[in-house]
Amino acid sequence: MILKSRPTLPSFLSNITSLANYVGLRDLTFTKSFSQAGLVYHPKSSPVDVRDVEKLNKFLLESKNLLILSGAGLSTESGIPDYRSKDVGLYDRVNHKPMKHQEFMSSEQSRQRYWARNYVGWEHFVTRRPNLAHKKLFELEKKGKSHWHVTQNVDGLNAKAGIENLTELHGSMYRVVCLNCEHISPREVLQKRFNQLNKNWTTTIDGYGPDADVFLNDEDAKRFIVPPCENCGGVLKPSVTFFGDTVPIKTVHHVYDQIDKSDAVLVVGSSLQVWSGYRFILRAKNRSIPISAINVGPTRADDLFDIKIDALCTEILNQVEI
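Being a predicted model, the structure only gives us computed values, none of them experimental.

S.K.: What am I meant to see in the overall build of the protein here?
M.R.: From N to C terminus, the protein includes 12 helices and nine strands. By residue count, 57% of the 322 residues in the protein fall in the buried class. Of the roughly 14800 Å² of accessible surface on the protein, 48% is carried by carbon and sulfur atoms.

Shown next as structure tokens:
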């Protein structure tokens, strides 16, 4: 197929905060679950236990300065696949691995393959909307219950939901950085440049992956044209932390500071398998801060939680009193 430009956001949206301001919470339609559209990227779960609702209500009632740590399980119900969910996560569905930092940095061909896939997946990715769980977390902030939200997600859905006190731990797909001059530019601007350079480029989508990734034939990717930085001619990279890279130490210390100010931590939709998020739970536990978690399936920190609820984020949060 020939891909054509179908821009869904103005190019002046230079970062995810301005995107959230542009969308406007009142103009935003929250999705209950993307499975209604026929695609299911969240795992199966048991019906919500009323006792779990009561536990979570009590936990939230007693907290006055809550920190939220969210992961991919928060966004699967918005139609964004994750990596580890049983049966529906990338690792269980296909023999396809995400591009690692070293691979991206090592060769022009690797970057060409990455950007070709990202270009095709962008139009689907950018139209994803916050679900009811995002809305509930926004309400926690709006009512003064949560003082900070740390997300491992790069999809921008928390900001689209209106959450302001936010650390995007792994960056945002809505920004592009030059590896030479470090100039930051909006991802939508790069999409328009891709469109101009690849008007006759054709490919076939074989499936969708997390973080705006799609599955394409590698031979098609070799014909994809990737432009350099408009500012200095350097290499462009999404402003996200790839697998194999590290979160900036300044960001880590900022999150530690926010945890130290908290009287409770709520984990939403994360298995915490990656150290970048797990370390913050260790920090909270070492400071005797109560921790609750909502996630379908086991996590790396199950033995550290005061409360663990095995449920979809929307189904449990939709029943709590905020």
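S.K.: What should I look at first to understand the sheet that holds strand E5 (residues 184-186) in this one?
M.R.: Taken together, the three strands give an open sheet; going across it, the order is E5-E4-E6, and neighbouring strands pair in antiparallel fashion. The open sheet has two free edges, formed respectively by E5 and strand E6 (236-240), since each of these has just one partner strand. On average, each strand axis in the sheet is inclined to that of its neighbour by 45°, with strand direction left out of account. Pairing geometry for strand E4 (residues 171-178) and E5, over three bridges, is antiparallel. Bridge pairing in E5 places Val176 opposite Ser185. Running at roughly 140° to E4, helix H5 (residues 108-125) makes contact with E4 and E6 of the sheet.

S.K.: Looking at this model, I keep getting lost on a nonpolar patch on the surface. Mind explaining?
M.R.: Where nonpolar side chains cluster on the molecular surface, the patch consists of Met105, Leu179 and Val235 and spans about 210 Å² of accessible area. Topologically, Val235 is positioned in the loop between helix H9 (218-221) and E6.

S.K.: How should the nonpolar core be read in this particular structure?
M.R.: Across soluble globular proteins, you tend to see nonpolar side chains buried next to one another. With 29 residues, the main nonpolar core has Tyr114, Trp115, Trp122, Phe125, Met173, Trp201 and Phe224 as its most contacted residues. Mapped by element, the contributors of at least two residues to this core are H5, E4, helix H8 (187-197) and E6. Sort the elements by how many residues they give to this core and H5 lands first, with seven residues. If near-sequence neighbours (up to four positions away) are discounted, Trp122 is found in contact with Met173, Tyr174, Arg187, Glu188, Gln191 and Ala212. Of all hydrophobic cores here, the second largest spans 25 residues; its members include Leu166, Val268, Ile294 and Ala311.

S.K.: What am I meant to see in the packing of aromatic side chains here?
M.R.: Within the structure shown, the criterion is met by 15 aromatic pairs. With a centroid separation of 5.2 Å and 40° between ring planes, the pair formed by Tyr119 and Phe224 is classed as tilted. Remark: Phe224 occurs in the loop between H9 and E6 and Tyr119 occurs in helix H5; sequence separation between them is 105 residues. Note on accessibility: Tyr119 and Phe224 belong to one class, buried. Taken together, the aromatic side chains of Phe104, Tyr114, Trp115, Tyr119, Phe194, Trp201, Phe224 and Phe242 make up a single cluster linked through ring pairs. The aromatic ring of Trp122 is capped on one face by Arg187, whose charged end is 4.5 Å from the ring centroid. Above the ring of Tyr256, the side-chain terminus of Arg283 is found at 4.3 Å from the ring centroid.

S.K.: Any chance you could explain the side chain of Gln112 here in plain terms?
M.R.: Checked against the element boundaries, Gln112 lands in helix H5. Residue classification places Gln112 among the buried residues on the basis of a relative accessible area of 18%. Excluding its chain neighbours within four sequence positions, the residues that come into contact with Gln112 are Ala221, Lys222, Arg223, Phe224 and Val226.

S.K.: What is the right way to look at the sheet that holds strand E1 (residues 66-70) in this model?
M.R.: To summarise the sheet geometry, strands pair through backbone hydrogen bonds and adopt either a parallel or an antiparallel arrangement. Strand order in the open sheet made by the six strands is E3-E2-E1-E7-E8-E9, with parallel pairing throughout. Edge positions in the sheet fall to strand E3 (166-168) and strand E9 (307-309), since each of these pairs with one other strand and no more. When the angles between neighbouring strand axes are averaged without regard to direction, this sheet yields 15°. Pairing between strand E8 (residues 291-294) and E9: three bridges, direction parallel. When the bridges of E9 are listed, Ile294 appears paired with Ile309. Its contacts with the sheet place helix H10 (residues 249-260) against E1, strand E2 (146-151) and E3, and it is angled at close to 145° to E2.

S.K.: How do you make sense of unusual backbone geometry when you look at a structure like this?
M.R.: Working note: non-glycine residues mostly have negative phi, and peptide bonds are mostly trans. For Glu182, which is not a glycine, the phi torsion comes out positive at approximately 65°. The class of Glu182 is exposed, set by a relative accessible area of 61%. Phi at Leu272 takes a positive value of approximately 60°, unusual for a residue other than glycine. Relative accessible area serves as the criterion here: at 1%, Leu272 is assigned to the buried category.

S.K.: Is there a simple way to explain the pairing of E8 in this structure?
M.R.: Successive residues of a regular strand alternate their side chains across the two faces of the sheet. Burial along E8 is two-sided: Ile291 and Ala293 facing one way and Ser292 and Ile294 facing the other are all buried. In terms of strand pairing, strand E7 (residues 264-268) meets E8 through four bridges, oriented parallel. Bridging across to E8, Leu266 finds its partner in Ser292. Viewed along the sheet, the connection from E7 through helix H11 (residues 275-286) into E8 turns out right-handed.

Analysis parameters
Residues numbered from 1 in each chain as written. Predicted model: local features only at pLDDT ≥ 70, side-chain atom pairs only at ≥ 80, totals over all residues. Heavy atoms only, no water. Helix = DSSP H or I, 4+ residues; strand = E, 2+ residues; numbered from the N terminus. Buried < 20%, exposed > 50% of the residue type's maximum accessible area, 1.4 Å probe, protein only. Areas by Shrake-Rupley, 256 points an atom, 1.4 Å probe, with all protein chains shown as cover. Pairing = 2+ DSSP bridges. Axes fitted to C-alpha atoms, helices over the stretch in contact; angles between N-to-C directions. Contact = heavy atoms within 4.5 Å. Patch = residues over 30% accessible without salt bridge, like charges linked within 9 Å, V, L, I, M, F, W, Y side chains within 5 Å. Salt bridge = Lys/Arg side-chain N within 4 Å of Asp/Glu carboxyl O. Core = buried A, V, L, I, M, F, W, Y, C linked by side-chain atoms within 4.5 Å. Phe/Tyr/Trp six-rings, centres within 6.5 Å; stacked < 30°, edge-to-face > 60°. Lys NZ or Arg CZ within 6 Å of the ring centre and 35° of its normal. Right-handed = clockwise from strand over helix to strand, strands pointing away.

By themselves, these are just geometric observations and shouldn't be taken as functional.
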